[in-house]
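Listed here are the chains, written in short residue letters.
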Amino acid sequence: MAQTETYKIELKGLSDGTYEYDFCLDDNFFAGVEDAEVAKGDVEVHLTIKKIEGNFDFKFTLEGVVKVQCDRCLDEMDCQIDAENGFTVKYGKENVDEGDKLVITEDCNEIDLSWYLYEFVALEIPITHAHPEGECNSEMEQLLQQYSGAKEEASDGEPVDLRWSELKKLIDNN
Ligand SMILES: [Zn+2]
């Protein structure tokens, strides 16, 4: 993953207290995520870490826009991101990830947030997403309808009516 350094937090050095961080998830960030549904974006992330007695409380707010592919016309469309998320981190004997509770071993100096940040964004994208009615790329929509439709095309590009070809077979047989 590219540029991952930017999204690493060093935990070892933190004493009890509150810490604030800001990140920007830009096109570079999303390009670095393999097989990402989101290819581009501009999301501001604010992170507050509260450390109390060996517990790290991570709170994230995410605000911005990402580009996803429209289900209907496959063009890019904006998806608003406005989310709050978080988890707690503490030290333990082995690394455990329970979603909102992470346990990391003592020899783990820093935590890489890139994957979590991507997940927080991905959670905000509706399962089906399309442009508002009438705002799709009409050319693409027509093409897709042609391809997904029942029309068959002969090799020379002429549409073939199935009933006609059945009829033609009957005539040829006589
Ligand atoms: Zn569309």
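Here the residue index of a chain counts from 1 through its sequence in written order. Local features in a predicted model are, by the rule used here, given only for residues with pLDDT of at least 70; side-chain atom pairs are given and counted only at 80 or more, and totals for whole chains, interfaces and linings are based on all residues. Calculation of side-chain values draws on the structure's entire complement of heavy atoms; hydrogens and water are dropped beforehand.

Participant: Run through the overall build of the protein, naming residues and quoting values.
Facilitator: Regarding its fold elements, the protein presents 4 helices and 10 strands. Each helix (α) and strand (β) of the protein, taken in turn from the N terminus, gives the series β-β-α-β-β-β-β-β-β-α-α-β-β-α. A simple rule labels every residue: compare its accessible area, found with a 1.4 Å probe on the protein chains alone, to the largest value its type can have, and call it buried under 20%, exposed over 50%, or partly exposed in between. Taken across its 174 residues, the protein has 28% of its residues classed as buried. When contacts within the protein are restricted to residue pairs at least 6 apart in sequence, long-range pairs at least 24 apart make up 58% of them. Split by element, the accessible area of the protein, about 11,800 Å² in all, is 47% carbon and sulfur. Numbered from the N terminus, helices here are DSSP runs of H or I no shorter than four residues, and strands are runs of E no shorter than two. Whether two residues are in contact is decided by their heavy atoms: any pair within 4.5 Å suffices. Under the convention used here, a 1.4 Å probe and the Shrake-Rupley method define accessible areas, while residue burial counts only the protein chains that appear.

Participant: Describe the nonpolar core, listing the residues and the values that go with them.
Facilitator: If you look at the biggest cluster of nonpolar residues, it comprises 39 residues, and the most contacted ones within it are Leu25, Phe58, Phe60, Leu62, Val66, Phe87 and Leu113. Contact partners of Leu62, with chain neighbours within four places excluded, come to Leu25, Val43, Glu44, Val45, Ile81, Asp82, Ala83, Leu117, Phe120 and Val121. In plain words, nonpolar cores are sets of buried Ala, Val, Leu, Ile, Met, Phe, Trp, Tyr and Cys residues tied together by side-chain atoms within 4.5 Å.

Participant: I'd like a rundown of the coordination of the zinc ion, residues and numbers included.
Facilitator: Because no water is among the atoms considered, metal sites can look incomplete, with donors defined as N, O and S atoms within 2.8 Å of the metal, or 3.2 Å for Na, K and Ca. Taken together, Cys70 (SG), Cys73 (SG), His131 (ND1) and Cys136 (SG) make up the protein donors of the zinc ion, found 2.0 to 2.4 Å from the metal. In short, tetrahedral needs four donors with all angles between 85 and 135 degrees, square planar needs four and octahedral six donors with opposite donors over 155 degrees apart and all other angles between 65 and 115, and whatever is left is irregular. Around the zinc ion, the 4 donor atoms sit at angles spanning 104 to 114°, and that spread fits a shape best called tetrahedral. Along the chain, the residues donating to the zinc ion are arranged with the sequence spacing C-x2-C-x57-H-x4-C. In this pair, Cys70 is assigned in the loop between strand E4 (55-69) and strand E5 (76-92) and Cys136 in the loop between helix H2 (114-123) and helix H3 (138-148), connecting sequence segments 66 residues apart. Just as Cys70 is buried, Cys136 falls in that class too.

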